[in-house]
Amino acid sequence: MQHGQEEQDSAGTGTPAARTAGRRNTAVIYVTFLILTLDLSMMFLQFSVTPYLAKKLGFDTLWFGYLQTTVGVAQLIGGPVFGRFGDLFGARAALTLVCSANVVFFVLLALANHPILLFVHKIPTIFMHIVPACQMVLTDLSEPEKRADVLSKTGLCFGISLILGSTLGGQLNARFGESFTASVGAAVSAFNLLLVLCFIPKFTKTEAPRSSNKSESQNQGVFNLREITRLMKYPRVMQIFLIKVIGGLPAGIFQVMFSIVSMDFFQLQPEEHSYLMAFFGIVQMVIQGAVIGRLANRFPEKTLLLLSIGVAALVGLVQTYMETVFQLCISITLMMFSLSVLNVITDSILTKSVPSSDSGEPLLAGTCCTVKLLNTAVKLDLLLGLGA
């Protein structure tokens, strides 16, 4: 009995090799969080640029909606194969593709001086899937029992990015204009690319894939639809995936219209818009850092899913009577809580539903991202209704 315990300790964190690997994995996880924070910060920075640049170029509400829908369509095209790409070529290749696309995106945004160019600069969003790319690393290097906690930290990164990116974008846009702000985004994205090349290992899976499966997987290619949809056959995956799509749909619709609401309905200027986004970032950090972890430890996953859907329904009722910025803050606070609980719990369930030895686990992280992209597909009908 004692001998078996010693063998278990030896196989765990007791050996020097295991401790070294553990420290290395921890370092990679921290760098991944930094990459995610910087990338999301630049995403919120461009939210302080695109709406006001579009308005200067003569976009009305309908055409700005078309511009936002272009992003959804582009990511809907690239999303289903992105996880497969990461599965075949590794986390470093996936993150390199994301960061390179970000650089091109911001360079094109800085050069955009015509409505057509504003549409063209959205093309690189086909490859801009930073959240699933980082989830590939985090799910591979974290233990299954700690996965929900690790994934919840991505929401903390989201909150920090919301504060940094929105504040920086609003200040830069007000003082130096849209082109300079976009150039800053390109420079930070290039720095992020260097972090990926220097610190992210080529492959992050803790278990080497079986050679026969690896050879077969390589031969099937990135665009094999059977492999892309194979994950839906695992138990609970299809049900949770549908819950994630339908539950996130109201927030997806509101997201595409938020810039229009803040500019046209509340008449917010870039700096005021950035302060509002910074407030939402603080709220997000509180939710992720002080609320979700305690709820996940105290209540079962099914109860939290029902809670998130119930709060989402309440948000829809509140937004029906929304007339002031204060009411907007209340409704979005509730929406962020609902969406955060939904994302953390469903991501945790989905990543644990696939065996770690299966090559589909990093693909699943990419598939999770397509939920947001599927939400965007319904926005075109909404915008066409506005145009009518």
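Note that the structure is a prediction, hence the values are computed from the model and not measured. (Residues numbered from 1 in each chain as written. Predicted model: local features only at pLDDT ≥ 70, side-chain atom pairs only at ≥ 80, totals over all residues. Heavy atoms only, no water.)

Given a rise of 1.5 Å per residue, 12 residues ought to cover 16 Å, and the 17 Å separating the end C-alpha atoms of helix α7 (residues 130-141) matches this to within 8%. Summarising burial for α7: 11 of the 12 residues are buried, a large majority. Those residues of α7 not exposed but buried are Ile130, Pro132, Ala133, Cys134, Gln135, Met136, Val137, Leu138, Thr139, Asp140 and Leu141. (Helix = DSSP H or I, 4+ residues; strand = E, 2+ residues; numbered from the N terminus. Expected span 1.5 Å × (residues − 1). Buried < 20%, exposed > 50% of the residue type's maximum accessible area, 1.4 Å probe, protein only.)

Attention shifts here to a nonpolar patch on the surface. A surface patch of nonpolar side chains, about 330 Å² in accessible area, is lined by Ile116, Leu117, Val120 and Ile123. The class for Leu117 is partly exposed, based on a relative accessible area of 34%. (Patch = residues over 30% accessible without salt bridge, like charges linked within 9 Å, V, L, I, M, F, W, Y side chains within 5 Å. Areas by Shrake-Rupley, 256 points an atom, 1.4 Å probe, with all protein chains shown as cover. Salt bridge = Lys/Arg side-chain N within 4 Å of Asp/Glu carboxyl O.)

In this structure's numbering, the residues bearing the UniProt feature "transmembrane region" (unreviewed entry) are residues 27-49, 61-82, 94-112, 180-200, 240-263, 275-296, 303-319 and 325-345. Between the first and last C-alpha atoms of residues 94-112 the distance is 27 Å; the span itself is 95% helix and 0% strand. (UniProt positions renumbered as here; feature names shortened; annotations may be inferred.)

Let us look at helix α5 (residues 91-111). The end-to-end C-alpha separation of α5 is 31 Å, in line with the 30 Å expected for 21 residues at 1.5 Å each. Looking only at α5, the buried set comprises Ala91, Ala94, Leu95, Val98, Cys99, Ala101, Asn102, Phe105, Phe106, Leu109 and Ala110.

Take the side chain of Asn192 next. Here Asn192 lies in helix α9 (residues 178-199). For Asn192, a relative accessible area of 2% corresponds to the buried category. If sequence neighbours within four positions are ignored, Asn192 has contacts with Leu34, Ile35, Leu38, Asp39 and Cys99. (Contact = heavy atoms within 4.5 Å.)

One finds Leu95, Ile130, Ile200, Phe258, Phe280 and Leu328 to be the most contacted residues of the largest nonpolar core, which totals 61 residues. It is helix α15 (residues 325-352) that provides the largest number of residues to this core, a total of 12 residues. Residues Met42, Val49, Leu67 and Ala186 belong to the second largest nonpolar core, which totals 20 residues. (Core = buried A, V, L, I, M, F, W, Y, C linked by side-chain atoms within 4.5 Å.)

Okay, the pattern of salt bridges next. Applying the stated rule across the entire model yields one salt bridge. When the shortest N-O distance is used, the salt bridge between Glu178 and Lys56 registers 3.1 Å. Note that Glu178 is positioned in helix α9 and Lys56 in helix α3 (residues 50-56), a separation of 122 residues in sequence. By relative accessible area, which is 11% here, Glu178 ends up buried. A relative accessible area of 62% means that Lys56 is categorised as exposed.

Let's shift gears to the environment of Val318. Along the chain, Val318 turns up in helix α14 (residues 301-320). Distance in space between the C-alpha atoms of Val318 and Ile332 is 9.7 Å, their sequence separation being 14 residues.

The next point concerns the packing of α5 against α7. In the contact formed by α5 and α7, the axes pass within 9 Å of each other and the chain directions differ by 160 degrees. When the interaxial angle is binned, α5 and α7 end up roughly antiparallel. In terms of crossing hand, the pair formed by α5 and α7 is left-handed. Residues Ala91, Ala94, Leu95 and Val98 of α5 lie in contact with α7, whose contacting residues are Ile130, Ala133, Cys134, Met136 and Val137. (Axes fitted to C-alpha atoms, helices over the stretch in contact; angles between N-to-C directions. Parallel < 35°, antiparallel > 145°, perpendicular 65-115°, else oblique. Left-handed = near helix turned anticlockwise from the far one by under 90°.)

To continue, consider the confidence of the model for the protein chain. For the protein chain, the average pLDDT comes to 75, and 75% of its residues sit at 70 or higher. The lowest-confidence element of the protein chain is helix α17 (residues 379-387), averaging 42 in pLDDT; the highest-confidence one is α9, averaging 94. pLDDT under 50 marks residues 208-212. Its contacts with residues more than four places away, or in other chains, come to one contact. (pLDDT = per-residue confidence, 0-100.)

In contact at an axis separation of 8 Å, α5 and α9 are set at 165 degrees when each is read in the N-to-C sense. Viewed along their axes, α5 and α9 adopt a mutual orientation that is roughly antiparallel. By crossing handedness, the relation of α5 to α9 is classed as left-handed. Residues Arg92, Leu95, Thr96, Cys99, Ser100, Asn102, Val103, Phe106, Val107, Leu109 and Ala110 of α5 pack against Ser179, Ala182, Ser183, Gly185, Ala186, Ser189, Ala190, Asn192, Leu193, Val196 and Leu197 of α9. When its residues are assigned to classes, the contact of α5 with α9 shows 13 nonpolar, eight polar and one charged. (Nonpolar A, V, L, I, M, F, W, Y, C, P; charged D, E, K, R; others polar.)

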